[in-house]
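Breakdown of the fold
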Amino acid sequence: MTSQAPGRIASAADRTVCRVAVMGWGSYAPARVLTNRDLERMVATTHEWIVERTGMRERRVAAEHEATSDLATLAAQRALQTANVAPAEVDMILVATITPDYPFPNTACLVQSRLGCSRAFCFGLEAACSGFLYGMEIARAAVATGGVRTALVIGAEKMTSILDWQDRTTCVLFGDGAGAVVLQPAPAGRRGIISTVLGSDGSLADLLMMPAGGSRHPATAATVAARQHFLKMRGREVFRHAVQHMCEAAREALSKAGVKIQDVRWIIPHQANLRIISAISERLGCPMDRFVVNVERYGNTSAASIGLALDEAVRDGRIRDGDVVLMVAFGAGFTWGATVLEWGAK
Ligand code: UT7
């Protein structure tokens, strides 16, 4: 690494490539729990249907006064603490979300101000449920080439703010939360992030989207009346693509890393549906007891889900030093991605 002024991107001549590791991790989930039984009182659904079709039992709901940047800030504070990094050391903050506080300015700037990371440059990323892995790869590349020493990547969502509470096919599926990691050059002898594969297919954008509120259909009384400011999903089609692309991305990332599936200790999949996770387990030939699963407690938290699951699995001692971890995601766009890393921050 070359030393450089805060926030300055290294010139081509300065650049060296180094290995990058997750040096800090943290998450936050709002206190309020919404159970399937609660949802039975809101839409025509049953606890049994939701459990059988999704594996979900409850999800968290942010308070009215809590916005995405509030959830992101709390997760980030925890990640900085585990990394033992002071706010002033952070060079870059990236927030992946589809539920920003505002259309602009970006949520990362709001988080920066709350954390006091005064020298960081900050921006947002919209890749839906794949946002955390997209963000990690952008941050990894920035750290690897020496432009950035300390990057904070946060996936945070207040999904409940874009749900149509009259649509039983979507409102039972999502929840709120945030997950964060600190990336820095890996300690000597550590492999850190080994490989990443990312992909997209915009031809299928219509299957999972929010129709209004952007430049194509700005907010009007008519768009509000037509309930166009809510998430819309054709679940069955999305399910099929999710399984296919998550399996392909996982295989590709493993092959790029030169790692066999048998050598992966933990798989952290995006938590969209327990049936999707089981299908991936079957197709990859990797037993379910090697998957980190918390979909039953949080539902689908979109860009937050992998960071939230990672933090839980490290804190409760499942993920240990030296473990090979595979993370895999799929989301609106469509977007997908997979990352292979060797755990170890010391
Ligand atoms: O995070 C980004 C990626 N997102 C995903 O990966 C989500 C992918 N999709 C899914 O997880 C599943 O497709 C769902 C959980 C959304 C739906 O499960 P499904 O087994 O594909 O159900 P379906 O959409 O085929 O619906 C089956 C039936 C329908 O009734 P009919 O038409 O058969 O009479 C639905 O109307 O279940 C009905 N249904 C419900 N019933 C009770 C749909 N939602 C509900 C509900 N409660 N909440």
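**Brief notes about the overall build of the chain**
For the chain, the helix and strand inventory stands at 11 helices and 13 strands. Its C-alpha atoms give the chain principal-axis dimensions of roughly 60 × 45 × 40 Å. For the chain, the proportion of its 346 residues judged to be buried stands at 56%. In the form shown here, the chain has an accessible surface area of approximately 14,500 Å², with 52% of it arising from carbon and sulfur atoms.

**Examining the sheet that holds strand S1 (residues 20-28)**
Across the sheet, which stays open at both edges, the 5 strands sit in the order S1-S7-S6-S4-S5 with mixed pairing between neighbours. Every interior strand has two partners, whereas the edge strands, S1 and strand S5 (121-125), have only one. Taken over all neighbouring pairs, the strand axes of this sheet differ in orientation by 20° on average, direction set aside. Direction of pairing for S1 relative to strand S7 (residues 176-185): antiparallel, over a ladder of 8 bridges. By the bridge assignment, Ala21 is partnered in S7 with Gln184. Packed on one face of the sheet, helix H4 (residues 107-115) meets strand S4 (92-96), S5 and strand S6 (151-158) and runs near 130° to S4. Sheet contacts for helix H5 (residues 131-144): S1, S4, S5, S6 and S7; angle to S7, the most-contacted strand, approximately 20°.

**Here we look at the sheet that holds strand S11 (residues 266-269)**
Judged by pairing direction, the sheet is mixed, and its 4 strands sit side by side in the order S8-S13-S12-S11 without closing on themselves. If you trace the sheet from one side to the other, it starts and ends with strand S8 (193-200) and S11, each paired once. Put simply, the sheet's adjacent strands are angled 10° from each other on average, direction ignored. Where S11 and strand S12 (residues 324-331) come together, 4 bridges link them in parallel fashion. Within the sheet, the bridge partner assigned to Ile267 lies in S12 and is Leu326.

**Examining helix H3 (residues 68-83)**
When the terminal C-alpha atoms of H3 are compared, their 22 Å separation across 16 residues agrees well with the 22 Å that a helix rising 1.5 Å per residue should span. Residues of H3 that are buried: Thr68, Ser69, Asp70, Leu71, Ala72, Thr73, Ala75, Ala76, Ala79, Leu80 and Ala83. Packed against the buried residues of H3 are S1, H4, S6 and S7. Just downstream of H3 lies Asn84, where phi reads positive at about 55°.

**Observations regarding the side chain of Asp323**
By the element assignment, Asp323 lies in the loop between helix H11 (305-315) and S12. Among residues more than four places away in sequence, those in contact with Asp323 are Arg265, Trp266, Arg318, Leu341, Glu342 and Trp343.

**Some details on the packing of aromatic side chains**
Applying the stated criterion across every chain yields a total of 4 aromatic pairs. Each ring, one from Phe330 and one from Phe334, has its centre 4.8 Å from the other, and the planes form 55°; the classification is tilted. In this pair, the class of Phe330 matches that of Phe334, namely buried. Between Phe330 and Trp336, the ring centres sit 6.4 Å apart and the planes meet at 10°, which makes this aromatic pair stacked. On the basis of relative accessibility, which here comes to 4%, the residue Phe330 falls in the buried class. Clustering of aromatic rings is evident, with ring pairs tying together Phe330, Phe334 and Trp336. For the cation-ring pair, Arg265 lies above Trp266, with the distance from its terminal atom to the ring centre recorded as 4.3 Å.

**Brief notes about the domain arrangement of the chain**
By convention, interface size is frequently given as the accessible area that disappears when the constituent parts associate. The assigned domain composition of the chain is domain 1 (12-185) and domain 2 (193-342). Each of domain 1 and domain 2 has a C-alpha centre, and these two points are 14 Å apart. Facing the 48 residues of domain 1 at the interface are 47 residues of domain 2. A buried area of about 3,800 Å², summed over both sides, lies between domain 1 and domain 2, and 63% of it is on carbon and sulfur atoms. The largest contributions to the domain 1 side of the interface with domain 2 come from Cys129, Leu133 and Tyr134, which together make up 18% of the buried area. Taken together, the connections running from domain 1 to domain 2 amount to 1 salt bridge.

**Section: unusual backbone geometry**
Following Phe104, the chain continues to Pro105 via a peptide bond in cis, the omega torsion being 0°. With respect to the helices and strands, Pro105 occurs in the loop between S4 and H4. In this chain, Gly333 is followed by Phe334 through a cis amide linkage whose omega measures -10°. Tracing the backbone shows Phe334 in the loop between S12 and strand S13 (335-342). The phi dihedral of Asn84 is positive, around 55°, even though this residue is not glycine. Counting through the fold element by element, Asn84 comes out in the loop between H3 and S4.

**Regarding the site of the ligand**
Close contacts around the ligand come from 23 residues, with Thr45, Arg168, Arg236, Asn273 and Asn300 the closest. One of the side-chain N or O atoms of Arg53 is found 2.9 Å from an oxygen atom in the ligand. Separating an oxygen atom of the ligand from a side-chain N or O atom of Arg275 is a distance of 3.2 Å. In isolation the ligand offers 960 Å² of accessible surface; the protein chains occlude 77% of this area. With 4 residues, the top contributor of residues to the shell around the ligand is helix H8 (residues 235-257). Taken together, the residues of the shell around the ligand sort by class into 12 nonpolar, 7 polar and 4 charged.

Cut-offs used in this document
- Residues numbered from 1 in each chain as written.
- Predicted model: local features only at pLDDT ≥ 70, side-chain atom pairs only at ≥ 80, totals over all residues.
- Heavy atoms only, no water.
- Helix = DSSP H or I, 4+ residues; strand = E, 2+ residues; numbered from the N terminus.
- Buried < 20%, exposed > 50% of the residue type's maximum accessible area, 1.4 Å probe, protein only.
- Areas by Shrake-Rupley, 256 points an atom, 1.4 Å probe, with all protein chains shown as cover.
- Pairing = 2+ DSSP bridges.
- Axes fitted to C-alpha atoms, helices over the stretch in contact; angles between N-to-C directions.
- Contact = heavy atoms within 4.5 Å.
- Expected span 1.5 Å × (residues − 1).
- Phe/Tyr/Trp six-rings, centres within 6.5 Å; stacked < 30°, edge-to-face > 60°.
- Lys NZ or Arg CZ within 6 Å of the ring centre and 35° of its normal.
- Domains from an automatic or database assignment.
- Buried area = accessible area lost by both parts, 1.4 Å probe.
- Salt bridge = Lys/Arg side-chain N within 4 Å of Asp/Glu carboxyl O.
- Near = heavy atom within 4 Å.
- Polar contact = N/O pair within 3.5 Å; in protein donor to acceptor, adjacent residues only side chain to side chain.
- Nonpolar A, V, L, I, M, F, W, Y, C, P; charged D, E, K, R; others polar.

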